[in-house]
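Each chain, written out:
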Amino acid sequence: MNSSWFRQSTLVLEAGKRTRWFSAEMPVVVVVPESGTVTVEREAASIAYDPPPSVSVAAGGWTVIPVGARYRVRNSDAAPATLIVVQVRLKSPPTVSSR
């Protein structure tokens, strides 16, 4: 699904498989809507701050991958996991206000 605000795709990741490495050119939300647990692995050196190198996402959960991060998703469960991957299109660069 595509819109001017986001691009959404669905991925079924078989048991024991992982994706290739991706670079987040826009913020990415990884959602596990139904069943399964996946691990989102991040390359810590690819972004300015130091997030956890990996985060487990169970059914009903989600995680955000910031712009510039390199990441991949691994399914270490015994069953396939269905993911929804949403790339958020920024209309303009985010700004930080100092008040």
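None of these values were measured; they are calculated from a predicted model.

K.L.:
Any chance you could explain the overall build of the protein chain here in plain terms?
P.N.:
Regarding its fold elements, the protein chain presents zero helices and eight strands. Starting at the N terminus and walking to the C terminus, you meet the elements of the protein chain as β-β-β-β-β-β-β-β. Across the 99 residues of the protein chain, 31% fall into the buried class. Relative to all contacts within the protein chain whose residues are 6 or more apart in sequence, the contacts with residues 24 or more apart total 74%. Of the roughly 6300 Å² that the protein chain leaves accessible, carbon and sulfur atoms contribute 56%.

K.L.:
I keep staring at the pairing of strand β8 (residues 81-88) and nothing clicks. Help me out?
P.N.:
The pairing of strand β1 (residues 6-13) with β8 spans eight bridges and is classified as antiparallel. Within β8, the position partnered with F6 by the bridge is V88. Pairing of strand β3 (residues 28-32) with β8, which is carried by four bridges, proceeds in the antiparallel orientation. Across the sheet, V31 pairs through a bridge with I84, a residue of β8.

K.L.:
Could you clarify how one ought to interpret the pairing of strand β6 (residues 61-65) in this entry?
P.N.:
Each regular strand shows side chains that alternate between the opposite faces of the sheet. Burial along β6 is one-sided: G61, T63 and I65 are buried, and none of W62 and V64, which face the opposite way, are. Here β3 pairs with β6 via five bridges, running antiparallel. Bridge pairing in β6 places V28 opposite I65.

K.L.:
Would you mind showing me how to read the pattern of salt bridges here?
P.N.:
Pairing between side chains of opposite charge can happen when their charged atoms approach one another. Enumeration according to the criterion identifies four salt bridges in this entry. Note that E41 is salt-bridged to R72, the shortest N-O span being 2.5 Å. Residue E41 is located in strand β4 (residues 37-43), and its partner R72 is located in strand β7 (residues 70-74); the two are separated by 31 residues in the primary sequence. Classification of R72 as buried rests on a relative accessible area of 19%. Ionic pairing is found between E43 and R70, a salt bridge with its closest N-O pair at 2.9 Å. Note that E43 is positioned in strand β4 and R70 in strand β7, a separation of 27 residues in sequence. Overall, E43 belongs to the partly exposed group, its relative accessible area being 31%.

What counts and how
- Residues numbered from 1 in each chain as written.
- Predicted model: local features only at pLDDT ≥ 70, side-chain atom pairs only at ≥ 80, totals over all residues.
- Heavy atoms only, no water.
- Helix = DSSP H or I, 4+ residues; strand = E, 2+ residues; numbered from the N terminus.
- Buried < 20%, exposed > 50% of the residue type's maximum accessible area, 1.4 Å probe, protein only.
- Contact = heavy atoms within 4.5 Å.
- Areas by Shrake-Rupley, 256 points an atom, 1.4 Å probe, with all protein chains shown as cover.
- Pairing = 2+ DSSP bridges.
- Salt bridge = Lys/Arg side-chain N within 4 Å of Asp/Glu carboxyl O.

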